[in-house]
Structures are given as C-alpha cells and as structure tokens.
Amino acid sequence: MENLVIVLVHPYSVLGGCQGLLRGIAIGLAEKAYRAVTFDMRGAGRSTGRPSLTGFSEIHDVIAVCKWVSQNLSADRILLVGSSAGAPISGSAVDQIEEVVGYVSLGYPFGLTASILFGRHHKAILKSPKPKLFVMGTKDGFTSVKQLENKLKSATGRVETHLIEGAGHFQMEGPSYDANMVGLIIGFVSSL
C-alpha cells in the first residue's frame, strides 16, 4: 500500500465544514502508517473563493487535490473518503480521477431534504464501478437506513454498508468516532 494515499473530503463548507473536522481520522491513519491528506475546499479555512450551495464547484477542488497528491506524493492509488456533504462531492469526482481505486462515504446525505442540495450528485457514485463503502449512523437525521438501502439498490460495482447503531449524523463527525472510522477505512483498504 506504499503508493496509496487516502484523501479526506470535509463536510459542507456553508455550515462550517473544514479539514479540521477530519484531522483526527487523518492522524489515526498516519499512526497506522497510512498516508492521508486533508484540505479545505474553496471558501473554507484559509482557502480562497466561495463555497457553492450544491457542491458542484467543489468537485474541481477534489480533482485538483487528487492530481496534486498523484504528482507530489508519488501516489498511483487514491482512496477518496467523503464526510457528510463531502461524500456526494467526492462521489461526483470518483470516476473523473483515474488513480481513485475506491470510495468511502461517512454519512452520505441521501435523504429528501439533503437531496434538494445534493441530489444531482447521487447518480455519479451510484453508477461508478469502483468499490464503495457507505458508513452511516442508524439515527442519522439526513438519511434513514431505509433511504440508504433503497438508494444503494441501484448502485453498480461492489457496495458495502456499515451501520453504527444509535449514532446521529453529526455525532459521526465528532472525535469520539475517529478511531472507529479509521478501523473501517483500513478494513476497506485491505479489501481493495
């Protein structure tokens, strides 16, 4: 796995999402000898520009970071990991980046309300032939377990799910779940 880099895509910038929310997962992966990269999408942290409401401009940010990772870190394999709104954004980039070998979603917002903003992203990840893991809390306020199952029925390629009993959407973004997320990501990487 020496040529693999895990690129972590943070939650919705408009609601304060930034790479700092994924730093704990990145550190946990690094402690297990995995290379991980976090970054701020446009308008988040010290990044310039303005975030878009639907996340379509941010797809270009993900592609640019993956290109940078490939060129500067000698990575010929990239695992994209998106958290919350970062999941549909990175999911839309998966098939646009040759080096991406798999995808992990942490709390993909498939629910009705979230679909108003991110619904146009769904098709990209569902039709991607690349291996996918969807991690979700059973108390997610944006997507019910039934909504997740119904959406994934139309997915192509290898699709796995992991439900975290009793966890809400924003709980999974908290540091108390970082070690769990690291373990799930590493388990998925070993199956690629």
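The rules behind these values
- Residues numbered from 1 in each chain as written.
- Predicted model: local features only at pLDDT ≥ 70, side-chain atom pairs only at ≥ 80, totals over all residues.
- Heavy atoms only, no water.
- Buried < 20%, exposed > 50% of the residue type's maximum accessible area, 1.4 Å probe, protein only.
- Helix = DSSP H or I, 4+ residues; strand = E, 2+ residues; numbered from the N terminus.
- Pairing = 2+ DSSP bridges.
- Right-handed = clockwise from strand over helix to strand, strands pointing away.
- Phe/Tyr/Trp six-rings, centres within 6.5 Å; stacked < 30°, edge-to-face > 60°.
- Axes fitted to C-alpha atoms, helices over the stretch in contact; angles between N-to-C directions.
- Left-handed = near helix turned anticlockwise from the far one by under 90°.
- Contact = heavy atoms within 4.5 Å.

1. With respect to the pairing of strand E4 (residues 100-106)
A regular strand carries its side chains on alternate faces of the sheet. The buried fraction of E4 amounts to six of the seven residues, a majority that puts the element mostly inside the structure. Where strand E3 (residues 77-83) meets E4, six bridges bridge the pair, whose relative direction is parallel. Directly across from Ser83, in E4, lies its bridge partner Leu106. Viewed along the sheet, the connection from E3 through helix H3 (residues 86-93) into E4 turns out right-handed. Pairing of E4 with strand E5 (residues 132-137) involves four bridges; the strand directions are parallel. In the sheet register, Ser105 faces E5, and the bridge partner there is Phe134. Chirality of the crossover, the property in question, places the unit of E4, helix H4 (residues 112-127) and E5 among those that are right-handed.

2. Examining the packing of aromatic side chains
In this structure the tally under the stated criterion is five aromatic pairs. Between the aromatic rings of Tyr103 and Phe134, the centroid separation amounts to 5.9 Å while the plane-to-plane angle is 65°, which identifies the pairing as edge-to-face. Placement of the pair is Tyr103 in strand E4 and Phe134 in strand E5, with a sequence separation of 31 residues. Taking relative accessible area as the criterion, Phe134 reaches 1% and is therefore assigned buried. Between Tyr108 and Phe110 the ring centres are 4.0 Å apart and the planes differ by 20°, which places this aromatic pair in the stacked class. Here the two residues Tyr108 and Phe110 agree in accessibility, since each one is buried. Three or more aromatic residues joined by ring pairs form one cluster here, namely Tyr103, Tyr108, Phe110 and Phe134.

3. Thoughts on the packing of helix H2 (residues 56-72) against H3
In the contact formed by H2 and H3, the axes pass within 9 Å of each other and the chain directions differ by 65°. Viewed along their axes, H2 and H3 form a crossing whose handedness is right-handed. Residue-level contacts link Glu58, Ile59, Val62 and Ile63 of H2 to Ile89, Ser92 and Ala93 of H3.

4. Describing the pairing of E5
Most of E5 sits inside the fold, with six of its six residues counted as buried. Of the strand pairs in this sheet, E5 and strand E6 (residues 159-164) are connected by six bridges, and their pairing is parallel. Bridge assignment links Gly137 to a residue of E6, and that residue is Ile164. With respect to chirality, the unit in which E5 leads through helix H5 (residues 145-152) into the neighbouring parallel E6 is right-handed.

5. Concerning H3
Burial analysis of H3 places eight of its eight residues in the buried class, which makes it a mostly covered element. Those residues of H3 lying buried are Gly86, Ala87, Pro88, Ile89, Ser90, Gly91, Ser92 and Ala93.

6. Overview of the sheet that holds E3
Taken in spatial order, the six strands line up as E2-E1-E3-E4-E5-E6 in an open sheet, and their pairing is parallel. Looking along the sheet, the strands with just one partner apiece sit at the ends: strand E2 (35-38) and E6. For this sheet the average axis-to-axis angle between neighbouring strands, irrespective of direction, equals 20°. Relative to the sheet, H2 contacts strand E1 (4-9), E2 and E3, its axis offset from that of E1 by approximately 155°. Docked against the sheet, H3 engages E1, E3 and E4, running at close to 150° with respect to E3.

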